[in-house]
Amino acid sequence: MRFPTRINLPSRERMLAGLGPTLLALLVLALFVIPNYFAAAEARRESRRVDQVTNEHLMKRSQLVALERDLARLRAERDLRCRIIGDLASDRLVDAIARPVDGRSVRNQGIRLGMPEKLAKEQGRPLDLTRRVVTVEMSGSFEAIFSVLDAADRIDQLVVPVRLELGAIRGGTTDEISVRATLELHSFFRAQEASR
C-alpha cells in the first residue's frame, strides 16, 4: 500500500465556509456562555451565602425559642419558690396573723410593729431592703399559736420567723393547759418604697 504524497487541502471557499460557523460559535461563546458561566458561579456563591445566613437565623430563632421556654419555666419556679418583696404600704402581715380572742383557743394576743430599718451593705453592695420586726405575744392553744406561723408563711411577701419562745400556762382546771408564746418575725420591703 502506498501513501499519497500529496495532501489535499481544502479550498479557500471551503475554509471560509468553515470559518464562518467557527467564528459564530466563538462569538456566542464569548458573548453568552462565558458571562453566563461567571454569573452562574456568582449566583451559586450568593445562594450559599443566603443559605448560611438563613441557617444562622434559624439556629438563633430556635435558641430564642428555647430561651423563652426556659425563661417561662424559671418564672414559674420563681413564683413557686420565692416571696415577693413589696413596698411597706402593701404589708399584709398584721392582717394575716391577727387572731380573734375568744378566751379558749386564743386567750390574748398582742402585736408590736417595729420601725422600718434600712439594711446595711453586704459584701460592698448596698441592699435595697428595709426590714421591720414584728413581735407577737399571745397565749392560747398550741394550734392557734402555730396557725399564726402558718399564716405568716402563706402570705405572698417575704416574712422570716426569727425567734419562737414557748411556755406552758396552767389554767383553772388540770385539763386546761395553754401555751404562752413570743414570736419574732422579720418582714422585708423594698428600701425606696419603705422610706416614703
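Here, the structure is the one placed above.
Described below are features of the structure shown in this document.

Each value, and the rule that gives it
- Residues numbered from 1 in each chain as written.
- Predicted model: local features only at pLDDT ≥ 70, side-chain atom pairs only at ≥ 80, totals over all residues.
- Heavy atoms only, no water.
- Helix = DSSP H or I, 4+ residues; strand = E, 2+ residues; numbered from the N terminus.
- Expected span 1.5 Å × (residues − 1).
- Buried < 20%, exposed > 50% of the residue type's maximum accessible area, 1.4 Å probe, protein only.
- Arc of directions from axis to C-beta.
- Contact = heavy atoms within 4.5 Å.
- Bend = angle between axes of the 7 residues up to and from the residue.
- Phe/Tyr/Trp six-rings, centres within 6.5 Å; stacked < 30°, edge-to-face > 60°.
- Core = buried A, V, L, I, M, F, W, Y, C linked by side-chain atoms within 4.5 Å.

Another point: helix α3 (residues 142-154). Relative to the 18 Å expected for 13 residues at 1.5 Å per residue, α3 spans 18 Å between its end C-alpha atoms, a close match to the ideal helical length. When we look at burial in α3, the residues that qualify are Ala144, Ile145, Val148, Leu149, Ala151 and Ala152. Buried residues in α3, looked at end-on, bunch into an arc of 160 degrees, giving them a common side. Across from the buried face of α3, at angles greater than 90 degrees, the exposed residues are Glu143 and Arg154. Buried residues along α3 sit against α2 (93-97), β1 (106-113), β3 (129-140), β4 (159-170) and β5 (177-190).

Our next topic: helix α1 (residues 12-81). What sets the pattern is the α-helix's 3.6 residues per turn: residues three or four places apart point alike. If you check α1, its first and last C-alpha atoms are 100 Å apart, about what 70 residues at 1.5 Å a residue would give, namely 104 Å. Within α1, the axis deviates most sharply at Leu29, by approximately 40 degrees.

Next up on the list: the packing of aromatic side chains. One pair of aromatic rings is described through two measures. These are the centre distance and the angle between the planes. In the structure shown here, the tally under the stated rule is two aromatic pairs. Plain terms: the ring middles of Tyr37 and Phe38 are 5.8 Å apart, the flat faces sit at 65 degrees to each other, and that makes the pair edge-to-face. For the pair Tyr37 and Phe38, one class covers both residues: exposed. An angle of 45 degrees between the planes, with centres 4.6 Å apart, marks the rings of Phe142 and Phe146 as tilted. Here the residue Phe142 and the residue Phe146 both occupy positions in helix α3, the gap between them amounting to four residues, near one helical turn. Accessibility expressed as a relative area gives 43% for Phe142, which makes it partly exposed.

By size, the foremost hydrophobic cluster in this structure holds 19 residues, and its most contacted members are Leu93, Ile97, Met138, Leu183 and Leu185. Looking at this core, the elements that each hand over two or more residues are α2, β3, α3 and β5. Here this core gets six residues from one element, more than from any other, and that element is α3. If sequence neighbours within four positions are ignored, Ile97 has contacts with Gln109, Ile111, Val134, Val136, Val148, Ala152 and Leu185.

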